[in-house]
Amino acid sequence: MKKILSLVFVLAFLFAGCSENEGYNIEVIIPAGTEEGFVWAEEEICPVKSSITVSAGAGISSAEVILKTVSDENTTYGPKTIKQQKPADFSAEKDTWYKIGIFADNSSDKDITVSINVKNADIRIE
């Protein structure tokens, strides 16, 4: 009986570890008074596959997003438009870290926080 319980526990652990990543929500703060331009998230992303899927999160109905490599900020991917229920896929090199930016403006006198969902990527704080 102990062997069966041990086997069930090991199998459950393996299946739980192999589940697909649901993604990460990355918050982007759009400072008060920002004029049209790209605003960059603090987090950096690195693909775990050959592409990264980016979708609109809280506070975004439609937006343009762009990726740029951390090692060479002149290398960019996009921009691509994301909407609710319409993500964008970016081809990206594995083992390369990217910053993600959103095209935005904020003419108000208060910061605005929005979120972007990223799948197939690892995340680190810059």
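Note: the structure precedes this text.
Conventions used here
Residues numbered from 1 in each chain as written. Predicted model: local features only at pLDDT ≥ 70, side-chain atom pairs only at ≥ 80, totals over all residues. Heavy atoms only, no water. Salt bridge = Lys/Arg side-chain N within 4 Å of Asp/Glu carboxyl O. Helix = DSSP H or I, 4+ residues; strand = E, 2+ residues; numbered from the N terminus. Phe/Tyr/Trp six-rings, centres within 6.5 Å; stacked < 30°, edge-to-face > 60°. Buried < 20%, exposed > 50% of the residue type's maximum accessible area, 1.4 Å probe, protein only. Lys NZ or Arg CZ within 6 Å of the ring centre and 35° of its normal. Pairing = 2+ DSSP bridges. Axes fitted to C-alpha atoms, helices over the stretch in contact; angles between N-to-C directions. Core = buried A, V, L, I, M, F, W, Y, C linked by side-chain atoms within 4.5 Å. Contact = heavy atoms within 4.5 Å.

Caption draft 1: The arrangement of the pattern of salt bridges in detail. In the structure shown here, the tally under the stated rule is two salt bridges. For Glu 44, the salt bridge identified is with Arg 124, shortest N-O distance 2.6 Å. Of this pair, Glu 44 sits in strand S2 (residues 34-47) while Arg 124 sits in strand S9 (residues 121-125), and the two are 80 residues apart along the sequence.

Caption draft 2: Local environment of the packing of aromatic side chains. A full pass over the atoms with the stated rule returns three aromatic pairs. Each ring, one from Phe 38 and one from Phe 103, has its centre 5.3 Å from the other, and the planes form 70°; the classification is edge-to-face. Remark: Phe 103 occurs in strand S7 (residues 98-106) and Phe 38 occurs in strand S2; sequence separation between them is 65 residues. Using a relative accessible area of 33% as the deciding quantity, one classes Phe 103 as partly exposed. Members of the aromatic cluster, each reached through a chain of ring pairs, are Phe 38, Trp 40 and Phe 103. Over the aromatic face of Trp 97 sits the side chain of Arg 124, whose NZ or CZ is 4.1 Å from the ring centroid.

Caption draft 3: Fine view of the pairing of strand S4 (residues 62-69). Along S4, six of the eight residues are buried, which leaves the element largely enclosed by surrounding structure. Pairing of S4 with strand S5 (residues 76-83) involves six bridges; the strand directions are antiparallel. Across the sheet, the residue bridging to Leu 67 is Tyr 77, located in S5. Note: S4 against S7, five bridges, orientation antiparallel. Within S7, the residue paired with Val 65 across the bridge is Ile 102.

Caption draft 4: Geometry of the sheet that holds S9. Strand order in this open sheet of five strands is S5-S4-S7-S2-S9, and the pairing throughout is antiparallel. The strands lining the two open edges of the sheet, one partner per strand, are S5 and S9. With strand direction ignored, the average angle separating the axes of adjacent strands in the sheet is 35°.

Caption draft 5: Structural view of the sheet that holds strand S3 (residues 51-56). The four strands are arranged S1-S8-S3-S6 in an open sheet whose pairing can be described as antiparallel. Looking along the sheet, the strands with just one partner apiece sit at the ends: strand S1 (24-30) and strand S6 (88-91). Averaged over all pairs of adjacent strands, the angle between strand axes in this sheet comes to 30°, irrespective of strand direction.

Caption draft 6: Here's a closer look at the nonpolar core. Formed by 25 residues in total, the largest nonpolar core has its most connected members in Ile 45, Ile 52, Val 54, Ile 100, Ile 102, Ile 116 and Val 118. Tallying contributions element by element places S7 first for this core, with four residues. Those residues within four positions of Ile 102 in sequence are excluded, and the remaining contacts are Val 28, Gly 37, Phe 38, Val 39, Ile 60, Ala 63, Glu 64, Val 65, Val 114 and Ile 116.

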